[in-house]
Amino acid sequence: MSRMQYTTDIRVIRIMCTGRMDPAVMADAFVHGLDGLLVLGCLFGECHYVSGNFNASHKVNMTKEMLAYAGMNPGRLSFRNLSSAEADVFVKHVTDFSKEIRELGPLGGEADKFPLPKLKEKLEIARTSLAGPKLRWVVGKKPVFIDTGNKYHEIFTEHEINRTLGGIVIDEMATHSILAALQNEPASVKELAEKLEIPAPETLKYVLGLKRRGFLELESVKDRSPLYKYVEQEG
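Residues numbered from 1 in each chain as written. Predicted model: local features only at pLDDT ≥ 70, side-chain atom pairs only at ≥ 80, totals over all residues. Heavy atoms only, no water.

Chemist: What is the right way to look at the environment of E46 in this model?
Modeler: Assignment of secondary structure puts E46 in the loop between β1 (37-41) and α2 (52-70). Its relative accessible area of 49% is what places E46 among the partly exposed residues. Distance in space between the C-alpha atoms of E46 and V91 is 20 Å, their sequence separation being 45 residues. (Helix = DSSP H or I, 4+ residues; strand = E, 2+ residues; numbered from the N terminus. Buried < 20%, exposed > 50% of the residue type's maximum accessible area, 1.4 Å probe, protein only.)

Have a look at this one:
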């Protein structure tokens, strides 16, 4: 870096293209206690693989939204651009980001919604959600839906796609939270709603949806309330 000095608080990990960044891997870093993650990509319009940095930007934004919904301060994850010849910009980015993370403090501190270990449990559920096919498909199709439209030639604005992604983030987080809770012990809809702080009507909707898909089944009835249990999945 042209012998320029920068903070020793960071660890640089080089990858071929930021477009290869996996949302579940980003979440996994925080599950293992990382305080901040800065993704540095090429300048827009200068990607060797044409759209890698755009894809990275979309993935980082989606991951930030999911992790923020799980309770982590979104400032702990950031995407910024620079060219490979801009050593001074690299130093500025890592110095500024290091300062921002120092101000936020350690993961699970006052800057986050939950303390550890509860935050870690939430982040693990977020990681599972990000590894699923639904969010990956939507974020992968986002540039296509904005530029050329879906198969019906309907073109969407970025705001419309982001709003759709936001809804899916909430659905996936609730769904995987219910599955995680029921892997420990059977529970009624009321018990799940209270434990997960999800409104009972929404909890019932998710439980019935999971039951239809074969993830849950009726275990017993307790005090006139059905108890549901997790069904182990083959493969």
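Chemist: How should I be thinking about helix α7 (residues 189-196) in this particular structure?
Modeler: Residues spaced three or four apart along an α-helix point in a common direction, a consequence of the helix completing one turn every 3.6 residues. Residues of α7 that are buried: V189, L192, A193 and L196. For α7, the buried positions fall inside an angular range of 100 degrees around the axis, keeping them on one side. Seen from the open side of α7, the exposed residues pointing more than 90 degrees away from its buried face are K190, E194 and K195. Against the buried residues of α7 lie α6 (158-184), α8 (200-212) and β4 (225-230). E197 occupies a position one or two residues after α7 and carries a positive phi of about 60 degrees. (Arc of directions from axis to C-beta. Contact = heavy atoms within 4.5 Å.)

Chemist: So what exactly am I meant to see when it comes to the nonpolar core here?
Modeler: A general tendency of soluble globular proteins is for nonpolar side chains to be buried together. Counting residues in each nonpolar core, the largest one holds 32 residues, and the members touching the most others are F30, L67, L123 and L135. For this core, the secondary-structure elements that each account for two or more residues are α1 (23-31), β1, α2, β2 (77-81), α4 (118-131), α5 (133-147) and α6. Sorting elements by how many residues they give to this core places α2 first, with six residues. Not counting the four nearest positions on each side in its chain, L135 is found in contact with M62, M66, S129, L130, L165, I168, V169 and E172. By size, the runner-up hydrophobic cluster in this structure holds 16 residues, among which are I178, A187, L192 and Y228. (Core = buried A, V, L, I, M, F, W, Y, C linked by side-chain atoms within 4.5 Å.)

Chemist: In this structure, what is going on with the pairing of β2? I would like to understand it.
Modeler: Note on strand geometry: in a regular strand, side chains alternate between the two faces of the sheet. With four of five residues buried, β2 is to be regarded as a mostly interior element. Here five bridges tie β1 to β2, and the two strands are oriented parallel to one another. Among the inter-strand pairings, L40 is bridged to a residue of β2, identified as R80. Viewed along the sheet, the connection from β1 through α2 into β2 turns out right-handed. (Pairing = 2+ DSSP bridges. Right-handed = clockwise from strand over helix to strand, strands pointing away.)

Chemist: How should I be thinking about the side chain of H58 in this particular structure?
Modeler: Tracing the sequence through the fold places H58 in helix α2. Aside from chain neighbours lying at most four places away, what touches H58 is V139, K142, P143 and E158.

Chemist: Is there a simple way to explain the packing of aromatic side chains in this structure?
Modeler: The geometry of two aromatic rings is summed up by the distance between their centres and the angle between their planes. In this structure the tally under the stated criterion is five aromatic pairs. Note on Y6 and F90: the rings are 5.3 Å apart at their centroids and 90 degrees apart in plane angle, and the pair reads as edge-to-face. Here F90 lies in helix α3 (residues 87-104) and Y6 lies in the segment before α1, a separation of 84 residues in the sequence. Judged by relative accessible area, which is 31%, Y6 ranks as partly exposed. Taken together through their ring pairs, the aromatic side chains of F44, F54 and F79 make up a single cluster. The side chain of K205 reaches across the aromatic face of Y206, ending 4.8 Å from its centre. (Phe/Tyr/Trp six-rings, centres within 6.5 Å; stacked < 30°, edge-to-face > 60°. Lys NZ or Arg CZ within 6 Å of the ring centre and 35° of its normal.)

Chemist: I tried to follow a negative patch on the surface on my own but got confused; where do I start?
Modeler: On the surface, E185, E191, E194 and D223 cluster together into a patch of negative charge. Here E185 shows up in the loop between α6 and α7. Judged by relative accessible area, which is 48%, E185 ranks as partly exposed. (Patch = residues over 30% accessible without salt bridge, like charges linked within 9 Å, V, L, I, M, F, W, Y side chains within 5 Å. Areas by Shrake-Rupley, 256 points an atom, 1.4 Å probe, with all protein chains shown as cover. Salt bridge = Lys/Arg side-chain N within 4 Å of Asp/Glu carboxyl O. Lys, Arg positive; Asp, Glu negative; His and termini not counted. Charge placed at Lys NZ, Arg CZ, Asp CG, Glu CD.)

Chemist: Would you mind going over the pairing of strand β3 (residues 216-222) with me for this structure?
Modeler: Here β3 runs beside β4; their pairing, made up of six bridges, is antiparallel. Counterpart to L218 in the pairing with β4 is Y228. Hairpin geometry of β3 and β4 is characterised by an intervening segment of two residues between the two adjacent antiparallel strands and by a positive phi of about 50 degrees at D223.

Chemist: I tried to follow the packing of α4 against α6 on my own but got confused; where do I start?
Modeler: Angle between the axes and distance between the axes: these two values describe a pair of packed helices. One can describe the packing of α4 onto α6 by two numbers: an axis separation of 9 Å at closest approach and a directional angle of 115 degrees. Judged by the twist between their axes, the crossing of α4 over α6 is right-handed. Mapping the contact onto sequence places K122, I125, A126, T128 and S129 in α4 and E172, M173, H176, S177 and A180 in α6. Looking at the contact of α4 with α6 residue by residue, the classes come out as four nonpolar, four polar and two charged. (Axes fitted to C-alpha atoms, helices over the stretch in contact; angles between N-to-C directions. Left-handed = near helix turned anticlockwise from the far one by under 90°. Nonpolar A, V, L, I, M, F, W, Y, C, P; charged D, E, K, R; others polar.)

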